[in-house]
Amino acid sequence: MSLLELPVSQPGPRAPRAAQSPPWRLIDRIGLAVAWLLGLLFCALAGALVLYFLVQGIKYVRPSLFLTNPSPGFTATATGGFLDPMLGTMLVSAIAMAIALPIGIGVAVWLSEYGRPAALARVAESTIEMIAGTPSIVLALFGILLFESPALGFLSRSSEGVVFGRSFFAAGAMLSLVALPLVVSNVREGLEAIPDHVREASYALGKTKFATTRRVLLPAARPSVLTGAMLGAGRVIGDTAIIVVLLGATLTFDRSGSVPLLSTLRGTGSTLTYYVFYNAPTGEGNQPTKAYAAAFVLLMIVLALNVGVDIATRRSRRLRWSS
Amino acid sequence: MVEEFRLDTEPTRDSDRRAELMLGALVCLVVVLLLGMFAFVLYQAWPSFSHNGLSWFGSRGNVDSQIQAIFNSGTSLGHEVYAFHGWPLIWGTALVVGGAVTIAFVCSLFVAVFIVEFAPDALCRVLEPVVRLLASVPSVIYGLVGVFVLVPLIGNHLITQGSKASVQGIITLNGYSLLAGVAILTVMVAPVMVAIFSDGLRAVPRGWIEASLGLGINKWRTVWKIGVRTARPAIVAGTVLATARALGEAVMLSMVCGVVSFAPNPADGWIFFVEPTRPLASTIIAFIDDLSTPPMRHTLYAIAAVLLLSAALLSFGGWAAKQPMKRYGART
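Residues numbered from 1 in each chain as written. Chains lettered and ligands numbered in written order. Predicted model: local features only at pLDDT ≥ 70, side-chain atom pairs only at ≥ 80, totals over all residues. Heavy atoms only, no water.

Engineer: Explain the overall build of chain B to me, using residue names and the numbers behind them.
Structural biologist: Within chain B one finds 14 helices and 0 strands. With the C-alpha coordinates aligned to their principal axes, the bounding extent of chain B is approximately 70 × 55 × 30 Å. The buried share of chain B, taken over its 332 residues, is 54%. Across chain B, every contact between residues at least 6 apart in sequence was considered, and the portion connecting residues at least 24 apart equals 78%. Accessible surface, chain B as shown: approximately 14,700 Å² in total, 65% of it carbon and sulfur. Positive and negative side-chain charges of chain B, numbering 22 and 19 respectively, have mean locations separated by a distance of 8 Å. (Helix = DSSP H or I, 4+ residues; strand = E, 2+ residues; numbered from the N terminus. Buried < 20%, exposed > 50% of the residue type's maximum accessible area, 1.4 Å probe, protein only. Contact = heavy atoms within 4.5 Å. Areas by Shrake-Rupley, 256 points an atom, 1.4 Å probe, with all protein chains shown as cover. Lys, Arg positive; Asp, Glu negative; His and termini not counted. Charge placed at Lys NZ, Arg CZ, Asp CG, Glu CD.)

In structure tokens:
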């Protein structure tokens with residue numbers, strides 16, 4: 001009941017006038033109570049989620065899991081750990097971000113600094129929006145078509161001339177499309193927050209537009225670039241559909257060729273998300289304890305990225321332009 | 001005139017022109033990639049659509065046995081079977097996405113209003129990271145929670161033996177259900193909505209809110225009549241993005257919604273909510289290993305094409321819905 005009296009006890013910054021106005025109608029009070037309830041429910045949900053995985057994680061995470069590879073088996077002791085999936089997660093997100101960051105920054109710079117002809121700018125904007133709305137499973141199927149084609153076939157494993165289009169290259173390239181919209185929108189936001197007099201000051205010193213962008217604007221927008229990169233990486237790490245389709249679904253690294261790093265990149269493997277999917281009761285592995293442990297590690301990575309985003313946004317807020 | 005002014009303030013050199021062209025080319029490349037995706041996917045999907053016509057979207061027979069027949073025909077060259085009637089999958093997708101987006105929309109609107117206007121500062125500082133965290137938790141983790149917590153809960157406590165017996169022989173009610181899918185999908189898409197809604201609400205000119213408060217209208221009404229109404233473009237944008245996310249969710253739904261392609265029937269009474277279903281995206285995941293047989297491949301690409309076109313339609317719908325709102329000076 002105390003919730004219903006909140007508007008009276010918490011009148012906000014306009015206290016004197018609010019005190020004089022008539023009391024809120026019942027329907028408004030109920031509405032506010034619902035808003036409070038849902039807000040607290042959100043916090044409770046996140047808390048419960050983190051706590052649940054923390055408990056399961058403490059129960060099931062063993063140091064040995066990080067050091068051993070998955071192996072076929074039917075018991076928790078026989079199936080090994082998730083060394084390769086974890087390395088796979090890092091590898092695949094590194095590839096994806098290595099592609100998404102330069103392209104994303106380029107597109108964002110073009111959209112915010114050049115943007116001519118205007119028709120192309122509009123098309124580009126809706127393209128980015130469309131990519132953000134495209135289901136990742138569709139991106140995955142498109143990736144199969146791309147990397148099966150003779151032109152890109154050399155990037156993935158093949159046997160007797162048949163290219164399967166499945167490799168770390170393929171998965172990373174398609175995952176970069178998942179991260180791209182986030183990078184573009186964040187970098188663009190950061191660039192557009194820089195007032196024009198900063199640009200004009202640079203032009204007055206005789207700098208070209210490109211030099212201004214590279215030496216003045218992008219360094220100033222670095223926190224936004226960082227935010228975009230981390231949000232993108234979060235999405236990439238969490239994606240499962242593209243991994244299931246494009247990484248070939250072999251739990252350990254299955255190398256293709258003999259050149260050390262290239263063979264891994266051309267070969268197939270898995271990531272933590274796929275490992276969780278595989279070991280869930282609905283998957284083929286069905287080792288719940290392993291699924292919990294991997295999910296815990298995954299959640300910790302995501303949490304760390306979130307904290308990083310928090311720090312980055314706080315830093316970008318500290319940097320205020322006087323206009 | 002405008003061009004002259006630009007040249008005055010922006011020094012241009014040959015290298016600069018080259019940089020602009022290169023960035024422009026990069027943008028064109030991304031645009032071409034998207035167009036290429038439409039072309040490639042539709043091209044691969046065409047055999048399935050052309051064999052079935054509009055009945056692709058209809059309902060006839062059992063989809064699962066049709067898919068099985070399609071798969072089996074892959075080995076016999078020249079006798080490919082393409083008969084596919086995807087209504088149960090489409091209906092399942094519509095139910096799950098529609099249910100989750102509707103619930104999430106209402107909740108998110110309340111939460112966004114709460115965060116922007118009513119929450120005390122301390123709670124705000126907690127809520128914002130919480131929303132971001134919930135939005136970035138991988139879908140497979142949500143799926144795991146669903147499988148370990150929600151599905152047993154529904155299977156053991158919500159479904160009675162009597163209702164299990166009443167549909168025996170057609171489907172098994174074991175907790176993998178529409179309800180589990182909707183519940184978890186709601187939690188997944190709501191944070192996306194909240195983030196975009198609250199950005200929109202924050203962009204509402206403060207003066208408009210203050211003017212309404214000055215007229216003696218209480219804060220709750222002001223926020224809904226002025227704030228939410230002004231932020232409508234952002235609300236549309238958030239809903240579109242969240243719906244697209246829900247539409248494409250494959251892995252989580254394939255974990256909690258069950259493995260049979262059953263179309264939940266509202267006429268079944270409350271059992272409707274606990275009936276299993278399998279949306280379009282999960283169907284692709286379920287049969288992804290059979291991608292190498294040509295008829296199966298075309299069928300899966302046809303499903304992907306339907307998803308892609310719905311996402312495009314959704315984008316366009318959002319754009320169209322925003323057009324009349326632009327007149328009111330509201331920002332996205």
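Engineer: Tell me about helix α6 (residues 139-158) of chain B, and please be specific about residues and values.
Structural biologist: Residue and element names in this part refer to chain B. When the terminal C-alpha atoms of α6 are compared, their 25 Å separation across 20 residues is substantially less than the 28 Å that a helix rising 1.5 Å per residue should span. The axis of α6 is deflected most strongly, by about 40°, at G146. Every buried residue of α6 is accounted for by S139, V140, I141, Y142, G143, L144, V145, G146, V147, V151, I154 and G155. (Expected span 1.5 Å × (residues − 1). Bend = angle between axes of the 7 residues up to and from the residue.)

Engineer: If you had to explain the nonpolar core to someone new, which residues and values would you point to?
Structural biologist: Grouped together as the largest cluster of nonpolar side chains are 203 residues, with contacts concentrated most on F53, F82, W110 and I137 of chain A together with L144, M255 and V256 of chain B. Ranked by the residues each element gives to this core, the list is headed by helix α4 (residues 87-118) of chain B, at 17 residues. Apart from the residues lying within four places of it in its own chain, the contact partners of V256 of chain B are G143, G146, V147, V151, G175, Y176, S177, A180, G181 and I184 of chain B. (Core = buried A, V, L, I, M, F, W, Y, C linked by side-chain atoms within 4.5 Å.)

Engineer: Lay out the pattern of salt bridges in plain terms, naming residues and giving numbers.
Structural biologist: Residue and element names in this part refer to chain B. In total, this model carries 14 salt bridges over all chains according to the counting rule given. Close ionic contact of R17 with E20 constitutes a salt bridge, the shortest N to O distance being 3.8 Å. Of this pair, R17 and E20 both sit in helix α2 (residues 14-52), 3 residues apart, which is roughly one turn of that helix. Classification of R17 as partly exposed rests on a relative accessible area of 47%. (Salt bridge = Lys/Arg side-chain N within 4 Å of Asp/Glu carboxyl O.)

Engineer: Mind laying out unusual backbone geometry, listing which residues take part and the relevant values?
Structural biologist: In this structure, the amide linkage connecting R116 of chain A to the following residue, P117 of chain A, adopts the cis form with an omega of 0°. Structurally, P117 of chain A can be placed in the loop between α5 (83-114) and α6 (118-133).

Engineer: Can you lay out the packing of aromatic side chains for me, pointing to particular residues and giving the numbers?
Structural biologist: Under the definition given, this model contains 24 aromatic pairs over all chains. With a centroid separation of 5.5 Å and an interplanar angle of 45°, the aromatic rings of F118 of chain B and W220 of chain B are classed as tilted. Of this pair, F118 of chain B sits in helix α4 while W220 of chain B is found in helix α10 (residues 219-230), placing the two residues 102 residues apart along the sequence. An identical accessibility class is assigned to F118 of chain B and W220 of chain B; each is buried. One aromatic cluster in this structure is built from Y52, F53, Y60 and Y292 of chain A together with F148 of chain B. The positively charged end of K209 of chain A is found above the aromatic ring belonging to Y114 of chain A, 4.9 Å away from the centroid. Above the ring of F118 of chain B, the side-chain terminus of K219 of chain B is found at 5.5 Å from the ring centroid. (Phe/Tyr/Trp six-rings, centres within 6.5 Å; stacked < 30°, edge-to-face > 60°. Lys NZ or Arg CZ within 6 Å of the ring centre and 35° of its normal.)

Engineer: Describe the confidence of the model for chain A, naming the residues involved and giving the relevant values.
Structural biologist: A residue-level look at chain A finds 89% of positions with pLDDT of 70 or above and a mean pLDDT of 85. Every residue in residues 1-11 of chain A scores below 50 in pLDDT, and together they form 10 contacts with partners more than four places removed in sequence or on other chains. (pLDDT = per-residue confidence, 0-100.)

Engineer: Could you give me a rundown of a nonpolar patch on the surface, with the residues and numbers involved?
Structural biologist: Taken together, L51, L54, V55 and I58 of chain A make up a surface patch of nonpolar side chains, about 380 Å² in accessible area. As for its position among the elements, L51 of chain A is in helix α3 (residues 26-60). (Patch = residues over 30% accessible without salt bridge, like charges linked within 9 Å, V, L, I, M, F, W, Y side chains within 5 Å.)

Engineer: Can you explain a positive patch on the surface? Please cite residues and give values.
Structural biologist: A cluster of basic side chains, namely K207, R214 and R215 of chain A together with R13 of chain B, defines a positive patch on the protein surface. If you trace the backbone, R13 of chain B turns up in the loop between α1 (2-9) and α2.

Engineer: Just give me the short version of the packing of helix α7 (residues 136-148) of chain A against helix α14 (residues 294-322) of chain B, but keep the residues and values in it.
Structural biologist: Contact geometry for α7 of chain A and α14 of chain B: axes closest at 9 Å, N-to-C directions at 130°. Taken together, α7 of chain A and α14 of chain B sit at an angle that is classed as oblique. You can see that α7 of chain A and α14 of chain B cross each other, and the crossing is left-handed. Here I137, V138, L141, I144, L145 and E148 of chain A of α7 of chain A lie close against α14 of chain B, whose contacting residues are R297, L300, Y301, A304, L307 and L308 of chain B. (Axes fitted to C-alpha atoms, helices over the stretch in contact; angles between N-to-C directions. Parallel < 35°, antiparallel > 145°, perpendicular 65-115°, else oblique. Left-handed = near helix turned anticlockwise from the far one by under 90°.)

Engineer: Requested: an account of the interface of chain B and chain A, with residues and values cited.
Structural biologist: Facing 85 residues of chain B, the contacting portion of chain A comprises 85 residues. For the pair chain B and chain A, the summed buried surface comes to about 7,600 Å²; carbon and sulfur atoms form 77% of the total. Together, R132, F148 and W220 of chain B form the three largest contributors to the area buried by chain B at its contact with chain A, with a combined 8%. The closest approach of N and O atoms between R297 of chain B and E148 of chain A, which form a salt bridge, is 2.8 Å. The interface formed by chain B and chain A contains 8 residue pairs in polar contact (both at pLDDT 80 or more). Looking at the side of chain B that touches chain A element by element, the count peaks at 18 residues for α2 of chain B. For the side of chain B that touches chain A, the per-class residue count stands at 61 nonpolar, 11 polar and 13 charged. (Buried area = accessible area lost by both parts, 1.4 Å probe. Polar contact = N/O pair within 3.5 Å; in protein donor to acceptor, adjacent residues only side chain to side chain. Nonpolar A, V, L, I, M, F, W, Y, C, P; charged D, E, K, R; others polar.)

Engineer: How would you explain the confidence of the model for chain B if you had to name every residue and give the values?
Structural biologist: All names here are of chain B. Mean pLDDT for chain B: 88, with 95% of residues reaching 70 or above. By mean pLDDT, the top-scoring element of chain B is α4 (94), and the lowest-scoring one is α1 (48). Note on residues 1-5: pLDDT is under 50 here. Beyond four places in sequence and across chains, it has 1 contact. The ipTM for the predicted assembly is 0.88, set against a pTM of 0.88.

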